[in-house]
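# Chains, contacts and geometry: an overview
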Amino acid sequence: MFDYHNHTSFSHDSDAPMAAVIESAIARGLKSIAITDHYDPEYANPLKDTAIDLDQYYAELTKASETYQDVIHLVKGIELGLQDHVTSLLADAVKAYHFDFILGSFHCADGMELYGETFYAGYAAEAVYQKFYENCYRVIGKYDQFDVMGHVNIIDRYAHRIPAFETYRELVEAIFKLLIEKGKGIELNTSSIRYGMGERYTPTVEMLKRFREMGGEIITVGSDSHRASEVGSDIDFAAELLKTLGFKYRTLFQDRKPVFVSL
Ligand SMILES: [Zn+2]
Ligand SMILES: [Zn+2]
């Protein structure tokens with residue numbers, strides 16, 4: 001099994017030592033994990049210190065991948081926080097290191113954090129979704145130095161009300177079209193299960209179906225763990241779900257190139 005989204009104490013929202021995360025993955029019998037700590041420059045909430053020492057992070061990743069190479073394959077990853085005004089910072093980071101796998105994720109939109117109230121105040125749910133997905137489409141249109149879009153519908157986790165898919169389906173399809181044209185994928189992020197979101201997965205079944213119907217093939221599976229105990233959680237379930245939806249492969253990455261493995 002493979003878990004392509006894990007955080008360690010290099011992330012502002014995790015205290016898990018990298019070694020503990022890797023040991024947990026080994027104990028659970030995982031063959032490979034991607035460590036994908038946050039690089040979220042100019043995060044919209046100044047009270048959260050999202051700074052990361054990328055030199056130190058990359059050095060520790062490299063060291064760990066050598067230390068554990070006979071036991072587990074470590075994928076050197078990163079989760080970029082996509083925003084309009086930070087694309088050149090992100091591009092610089094991508095150029096400076098030799099990452100195997102890059103998640104591009106939205107944690108902010110229109111200069112506001114998605115967590116909390118600011119992004120939602122004064123807007124009907126339909127309008128919130130409209131402006132969220134418009135923001136994603138715009139940023140992905142101008143920045144493409146990533147491999148897979150993380151947790152596409154993260155907005156479902158924070159919105160006060162989730163409108164019908166029909167009201168924002170075209171925007172999601174436009175994003176999928178962009179991703180597919182650019183040779184990028186999406187992830188099935190199992191954290192929604194831990195968040196108690198029931199059968200509203202990240203992405204939803206409707207979204208996963210549309211992605212596949214539109215010709216999308218690149219899909220990674222990740223727990224988005226922030227604690228060692230969460231590594232690998234619901235990964236088997238996610239693989240089964242993808243199978244039932246007609247996906248034939250999950251995707252791994254090496255040197256930023258997709259590798260397809262049967263489900
Ligand atoms: Zn994220
Ligand atoms: Zn994450």
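Everything below is about the structure shown above.
In what follows, the accompanying structure is described. Because the structure is predicted, anything quoted here is derived from the model rather than measured. (Residues numbered from 1 in each chain as written. Chains lettered and ligands numbered in written order. Predicted model: local features only at pLDDT ≥ 70, side-chain atom pairs only at ≥ 80, totals over all residues. Heavy atoms only, no water.)

### A look at the coordination of the zinc ion (ligand 2)
The protein atoms donating to the zinc ion (ligand 2) are His5 (NE2), His7 (NE2), Glu79 (OE) and Asp224 (OD), with metal-donor distances spanning 2.0 to 2.3 Å. Seen from the zinc ion (ligand 2), its four donor atoms lie at angles of 80 to 171°, and the figure they make is irregular. Considered as a linear motif, the donors of the zinc ion (ligand 2) on their single chain read H-x1-H-x71-E-x144-D. Here the zinc ion (ligand 2) and the zinc ion (ligand 1) are spaced 3.3 Å apart, with glutamate 79 acting as a shared donor. Of the two residues, histidine 7 sits in the loop between strand E1 (2–6) and helix H1 (18–27) while glutamate 79 sits in strand E3 (residues 73–81), which places them 72 residues apart along the sequence. Side by side, histidine 7 and glutamate 79 carry an identical accessibility label, which is buried. (Donors = N, O, S within 2.8 Å, 3.2 Å for Na, K, Ca; no water. Tetrahedral: all angles 85-135°; square planar, octahedral: opposite > 155°, others 65-115°. Helix = DSSP H or I, 4+ residues; strand = E, 2+ residues; numbered from the N terminus. Buried < 20%, exposed > 50% of the residue type's maximum accessible area, 1.4 Å probe, protein only.)

### Let's talk about the pattern of salt bridges
Throughout the structure, instances matching the rule amount to 15 salt bridges. Close ionic contact of glutamate 230 with arginine 227 constitutes a salt bridge, the shortest N to O distance being 3.9 Å. Judged by its relative accessible area of 16%, glutamate 230 falls in the buried class. According to the relative accessible area criterion, arginine 227 is exposed, its value standing at 54%. (Salt bridge = Lys/Arg side-chain N within 4 Å of Asp/Glu carboxyl O.)

### Side note on the environment of phenylalanine 101
Here phenylalanine 101 shows up in strand E4 (residues 101–105). C-alpha of phenylalanine 101 to C-alpha of histidine 5: the two residues are 96 residues apart in sequence and 9.9 Å apart in space. Setting aside anything within four residues of it in sequence, one finds phenylalanine 101 in contact with Tyr4, Ala34, Thr36, Val75, Lys76, Gly77, Ile78, Asp147, Val148, Thr220, Phe253 and Arg256. (Contact = heavy atoms within 4.5 Å.)

### Things to note about the coordination of the zinc ion (ligand 1)
At this site the zinc ion (ligand 1) is bound by Glu79 (OE), His107 (NE2) and His151 (NE2), with donor distances of 2.1 to 2.2 Å. Read in sequence order, the donor residues for the zinc ion (ligand 1) give the motif E-x27-H-x43-H.

### Some remarks on the state of the cysteines
Following the criterion strictly, the structure yields zero disulfides and no others. There is no disulfide at cysteine 108, and the cysteine sulfur nearest it, in cysteine 136, is 11 Å away. Residue cysteine 108 is classed as buried on the basis of its relative accessible area of 1%. (Disulfide = S-S within 2.5 Å.)

### A short note on the sheet that holds strand E8 (residues 185–189)
One open sheet holds the seven strands; their spatial order is E1-E2-E3-E4-E7-E8-E9, and the pairing between them is parallel. This sheet does not close on itself; its edge strands, each paired only once, are E1 and strand E9 (219–222). Pairing between E1 and strand E2 (residues 32–39): three bridges, direction parallel. Note on E2: the bridge partner recorded for asparagine 6 is isoleucine 35. (Pairing = 2+ DSSP bridges.)

### Observations regarding the nonpolar core
Membership of the largest hydrophobic core comes to 71 residues, with the highest contact counts inside it found for Ile33, Tyr57, Phe132, Tyr133 and Ile155. At seven residues, helix H4 (residues 125–142) tops the list of elements feeding residues into this core. The residues touching phenylalanine 132, leaving out its near neighbours within four places in the chain, are Phe106, Ala109, Leu114, Phe119, Val152, Ile154 and Ile155. Counting ten residues, the second largest nonpolar core, distinct from the first, contains Phe2, Tyr4, Ala34 and Ile218. (Core = buried A, V, L, I, M, F, W, Y, C linked by side-chain atoms within 4.5 Å.)

### Structural notes on the packing of helix H6 (residues 169–181) against helix H8 (residues 205–213)
Packing of H6 against H8 leaves a shortest axis separation of 10 Å and a crossing angle of 45°. Put simply, H6 runs oblique to H8. The chirality of how H6 crosses H8 is right-handed. Counted together, Val172, Glu173, Phe176 and Ile180 of H6 and Met207, Arg210 and Phe211 of H8 form the full contact between these two elements. The residue inventory of the contact of H6 with H8, partitioned by class, reads five nonpolar, no polar and two charged. (Axes fitted to C-alpha atoms, helices over the stretch in contact; angles between N-to-C directions. Parallel < 35°, antiparallel > 145°, perpendicular 65-115°, else oblique. Left-handed = near helix turned anticlockwise from the far one by under 90°. Nonpolar A, V, L, I, M, F, W, Y, C, P; charged D, E, K, R; others polar.)

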